[in-house]
Structure formats: C-alpha cells, structure tokens
Amino acid sequence: MMFATRQAKSATPAVVPISPAWFEATIHAAAGRDNWRLDDGRSARQAVSCLVMPQPGDRVLLVGMADGECFVLHVLARADGGRATLAVPGADAVSIQQAEVDIAATRSIALRAAGNVEVTAVQGVLSLNARQLFASAAESLVHTACTYVTQVEQFLLDARQFLRLHGEQAMITARQDAKIDAERISLG
C-alpha cells in the first residue's frame, strides 16, 4: 500500500493513507451475499450506495481502500435486456420517503409478499382503475364502509350455502320482472 507521511503539529509524524484508488473491472461471479469476484481475481463488496445489484458480465466502477478492501460503487454498463434488481446491501428493509412517488410501467407491475401487503390512503382517495378487476381471498373478504355504491350492467351473486341481506330498511325494485324462486318462501 502507498502511504504519505504528513507532518503533524506535534513532533511525531502521522501516517495517512493516500487517496483511495479508483478503477473499473468486470464482475466475474457472485462470491456470497453482497460480495463479487472480479475478472482480475480480486473480490469486492457492493457499496451501500450502489442500489443496482451487480451481476456477472457487468462493467463496474470500484474504489480500493488503503486497507485493501474494495467496493463496487456503480454499475457502469450491462448487456441489453435482462432484469435489474435494486437492493441495499446489509439492510433488512427499504423505505422511500418523498412528498410524491410515481411508479410507472409500460407492461406490468407486480407486488408480492410472503406476509402482509398494506395500501393506505389516510386522508385521500384510493382509486383502482382497470379494464378488468379480479379480487379473490382464500378465506375471508370483508368490506366495511359508511356508503357503498355499485353501478353495473349485470350483477350476479351466487352463495353456495347461505345469503343474508339485512338492513333497517330494505328495498328491492325491478323495472320489469321480480322473481323469487325457492322450495319454501317465508315472509314476515
């Protein structure tokens, strides 16, 4: 390692490392979590500020520290296509804090979690707009609202075992026909 001697105000000279060395290399292979083997045989860790996870074949900018440790600072070039993964080395969670966040995709967006997913609009409106909307739940689907309005051309509701409609006041109207069909009908 190269060191420069700087005269301190005291009589004892201090040994100070010369500026870090910057260089570029190509990622050869993964060498563990957040560690990469370079094409020249050295290994490097992904810097916390390097959010794009390197992959084999990437051309990267690195910094070599005075203690011999090497960090991938930036992914400079990657073969066209493929997938980029954003990850923060050593972090258990990632948080984006901004007044406005806009995520746009020309094909699709997928949100996945092995646990919970929460979408909250504390004081605003939550809008879902789609050509087709599918909602499914393996166990329970609960809607709670002060006012619930649905406008559709056709509404089909099929309960395999039990259907209950209850309200302080209930009204069923039809423009043409209203039909009740059952083995037994109880009114009152």
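In case you missed it, the structure is sitting above this.
These notes cover the structure that comes with them.

Definitions and cut-offs
Residues numbered from 1 in each chain as written. Predicted model: local features only at pLDDT ≥ 70, side-chain atom pairs only at ≥ 80, totals over all residues. Heavy atoms only, no water. Helix = DSSP H or I, 4+ residues; strand = E, 2+ residues; numbered from the N terminus. Polar contact = N/O pair within 3.5 Å; in protein donor to acceptor, adjacent residues only side chain to side chain. Contact = heavy atoms within 4.5 Å. Pairing = 2+ DSSP bridges. Core = buried A, V, L, I, M, F, W, Y, C linked by side-chain atoms within 4.5 Å. Buried < 20%, exposed > 50% of the residue type's maximum accessible area, 1.4 Å probe, protein only. Patch = residues over 30% accessible without salt bridge, like charges linked within 9 Å, V, L, I, M, F, W, Y side chains within 5 Å. Areas by Shrake-Rupley, 256 points an atom, 1.4 Å probe, with all protein chains shown as cover. Salt bridge = Lys/Arg side-chain N within 4 Å of Asp/Glu carboxyl O.

## Brief notes about the side chain of Asp58
Link 1 in the chain: Note on placement: Asp58 falls in the loop between β5 (43-46) and β6 (59-64).
Link 2 in the chain: Looking at Asp58, its side chain comes within polar contact range of the main-chain nitrogen of Gln55, at 2.9 Å.
Link 3 in the chain: Here Arg78 takes part through its side chain, which lies 2.5 Å from a polar atom of the side chain of Asp58.
Link 4 in the chain: If we ignore the near neighbours within four places in the chain, the residues touching Asp58 are Ala25, Thr26, Ile27, Met53, Val75, Ala77 and Arg78.

## A look at the pairing of β6
Link 1 in the chain: Where strand β3 (residues 21-30) lies against β6, six bridges are found, and the strand directions are antiparallel. Across the sheet, residue Ala21 finds its bridge partner in β6, namely Gly64.
Link 2 in the chain: Relative to strand β7 (residues 70-77), β6 runs antiparallel, the two sharing six bridges. Bridge assignment links Leu62 to a residue of β7, and that residue is Val72.

## Section: the nonpolar core
Link 1 in the chain: Judged by nonpolar contacts, the single largest core of 15 residues is most densely connected at Ile27, Leu38, Ala44, Leu62 and Val72.
Link 2 in the chain: Secondary structure elements with two or more residues in this core: β3, β4 (35-38), β6 and β7.
Link 3 in the chain: Sorting elements by how many residues they give to this core places β7 first, with four residues.
Link 4 in the chain: Beyond its immediate chain neighbours, meaning those up to four positions away, Val72 contacts Ile27, Trp36, Ala44, Arg45, Gln46, Ala47, Cys50, Pro54, Val60, Leu61 and Leu62.

## Some words on a nonpolar patch on the surface
Link 1 in the chain: On the surface, a nonpolar cluster with roughly 710 Å² of combined accessible area is contributed by Val94, Ile96, Val101, Ile103, Ile109 and Leu111.
Link 2 in the chain: Note on placement: Ile109 falls in the segment after β7.
Link 3 in the chain: Note on Ile109: relative accessible area 53%, which makes it exposed.

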